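An overview of the molecular structure
One letter stands for each residue in the lines below.
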Amino acid sequence: EAGVAQSPRYKIIEKRQSVAFWCNPISGHATLYWYQQILGQGPKLLIQFQNNGVVDDSQLPKDRFSAERLKGVDSTLKIQPAKLEDSAVYLCASSFTGKLFFGSGTQLSVL
Amino acid sequence: DQQVKQNSPSLSVQEGRISILNCDYTNSMFDYFLWYKKYPAEGPTFLISISSIKDKNEDGRFTVFLNKSAKHLSLHIVPSQPGDSAVYFCAVLSGNTPLVFGKGTRLSVIA
């Protein structure tokens, strides 16, 4: 069974630029999550989708972050404009019965 | 305000000995507890879990203990192997609330 796919693996941008991350969850998983993991901290939930609807986006900085999950499968997370403090690993996860399966993440460096 | 605390950022253990990783939580409403393991450049992977109705769950070399009165859980790995060297995250769940992670403990198993 294929795991959660994420791209790109690494991204380096300058502050105020925009960036987008892509996630393809495990086939059949209705729930998709985006987490932000800053160095030295645990993953923090940014947004949770159930199919193509948003379940929880209370911790998403909506002035600069946006996410969508059109057709209830793939998802993209965008940051516009990026700030230095956005440097982190962005993890996508999907679940079917409550157990989360994570992708390898996208490591973002904002210079 | 941290809801999940892993107070030891790192731990070194000799191969073959027991590794004990600790986690404290603040909210007595949490009812499901999980441990995730993370290797560098990979996403976290589920390791073992326990529900609040139990005080112990064992899976091979891994055992999780839950002390509800102390709001404390621990992960025991015995015997420890070099391949166990990773960052271990404690995570907690309550009803429909999203998974909340601790900051992680980096375990190094020395051969």
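Please read all numbers here as calculations on a predicted model, not as lab measurements.

1. Description of the overall build of chain A
- Along chain A, the regular secondary structure elements total 0 helices and 11 strands.
- The order of α-helices and β-strands along chain A, N terminus first, is β-β-β-β-β-β-β-β-β-β-β.
- Scaling as 2.2 N^0.38, a compact globule of 111 residues should have a C-alpha radius of gyration of about 13 Å, and chain A matches this with 13 Å.
- Within the span of chain A, comprising 111 residues, buried residues form 44% of the whole.
- For chain A, contacts bridging at least 24 residues in sequence account for 51% of all contacts bridging at least 6.

2. Regarding the side chain of A:Q36
Residue and element names in this part refer to chain A.
- By secondary structure assignment, the location of Q36 is in strand β4 (residues 31–37).
- Using a relative accessible area of 8% as the deciding quantity, one classes Q36 as buried.
- In terms of polar contacts, Q36 uses its side chain to reach the side chain of Y90, at 3.0 Å.
- Apart from residues lying up to four places away in sequence, Q36 is in contact with G42, P43, K44, L46, F65, D86, A88, V89 and Y90.

3. What to know about the pairing of strand β7 (residues 62–67) of chain B
Residues and elements named next belong to chain B.
- Two elements, strand β6 (residues 56–59) and β7, share 4 bridges in a ladder whose sense is antiparallel. Within β7, the residue paired with K56 across the bridge is F65.
- Where β6 folds back on β7, the antiparallel hairpin that results is connected by 2 residues, among which G60 adopts a positive phi of roughly 65°.
- Both β7 and strand β8 (residues 72–77) contribute to a ladder of 6 bridges, which runs antiparallel. Of the residues in β8, the one forming a bridge with N67 is H72.
- Linking two consecutive strands that pair antiparallel, namely β7 and β8, is a turn of 4 residues; a positive phi of about 50° is found at K71 within it.

4. Some thoughts on the pairing of strand β5 (residues 44–50) of chain A
Residue and element names in this part refer to chain A.
- Along β5, 5 of the 7 residues are buried, which leaves the element largely enclosed by surrounding structure.
- Strand direction decides the pairing type here: β4 and β5, joined by 6 bridges, are antiparallel. Residue pairing in the sheet places Y35 in a bridge with L45 of β5.
- Where β4 hands over to β5, the hairpin turn is made up of 6 residues, of which G40 adopts a positive phi near 85°.
- Bridge count between β5 and strand β6 (residues 53–56): 3 bridges; the pairing is antiparallel. Bridging across to β6, Q50 finds its partner in G53.

5. Description of the sheet that holds strand β7 (residues 65–68) of chain A
Residues and elements named next belong to chain A.
- Judged by pairing direction, the sheet is antiparallel, and its 4 strands sit side by side in the order β1-β3-β8-β7 without closing on themselves. Strands with a single pairing partner mark the edges of an open sheet, and in this sheet they are β1 (5–7) and β7. Averaged over all pairs of adjacent strands, the angle between strand axes in this sheet comes to 15°, irrespective of strand direction.
- Looking at chain direction, β7 and strand β8 (residues 75–79) are connected through 4 bridges and run antiparallel. Residue S66 lies in a different strand from β8, and its bridge partner there is K78.

6. Some words on the packing of aromatic side chains
- Applying the stated criterion to the full structure yields 12 aromatic pairs over all chains.
- Where B:Y25 meets B:F33, the ring centres are 4.8 Å apart and the plane angle is 40°; that geometry is what we call tilted. The same class applies to B:Y25 as to B:F33, namely buried.
- Grouped by ring-pair contacts, the aromatic residues A:Y33, A:Y35, A:F102, B:Y36, B:F46, B:F89 and B:F101 constitute a single cluster.

7. Quick word on the interface of chain B and chain A
- Between chain B and chain A, the residue contacts involve 13 residues of the former and 17 residues of the latter.
- When the two sides are added together, the surface that chain B and chain A hide from each other amounts to roughly 1,200 Å², 63% of it contributed by carbon and sulfur.
- Summed over the shared surface of chain B and chain A, the number is 0 salt bridges.
- Where chain B meets chain A, there are 4 residue pairs in polar contact (both at pLDDT 80 or more).

Procedures and definitions
- Residues numbered from 1 in each chain as written.
- Chains lettered and ligands numbered in written order.
- Predicted model: local features only at pLDDT ≥ 70, side-chain atom pairs only at ≥ 80, totals over all residues.
- Heavy atoms only, no water.
- Helix = DSSP H or I, 4+ residues; strand = E, 2+ residues; numbered from the N terminus.
- Rg over C-alpha atoms; globule rule 2.2 N^0.38 Å.
- Buried < 20%, exposed > 50% of the residue type's maximum accessible area, 1.4 Å probe, protein only.
- Contact = heavy atoms within 4.5 Å.
- Polar contact = N/O pair within 3.5 Å; in protein donor to acceptor, adjacent residues only side chain to side chain.
- Pairing = 2+ DSSP bridges.
- Axes fitted to C-alpha atoms, helices over the stretch in contact; angles between N-to-C directions.
- Phe/Tyr/Trp six-rings, centres within 6.5 Å; stacked < 30°, edge-to-face > 60°.
- Buried area = accessible area lost by both parts, 1.4 Å probe.
- Salt bridge = Lys/Arg side-chain N within 4 Å of Asp/Glu carboxyl O.

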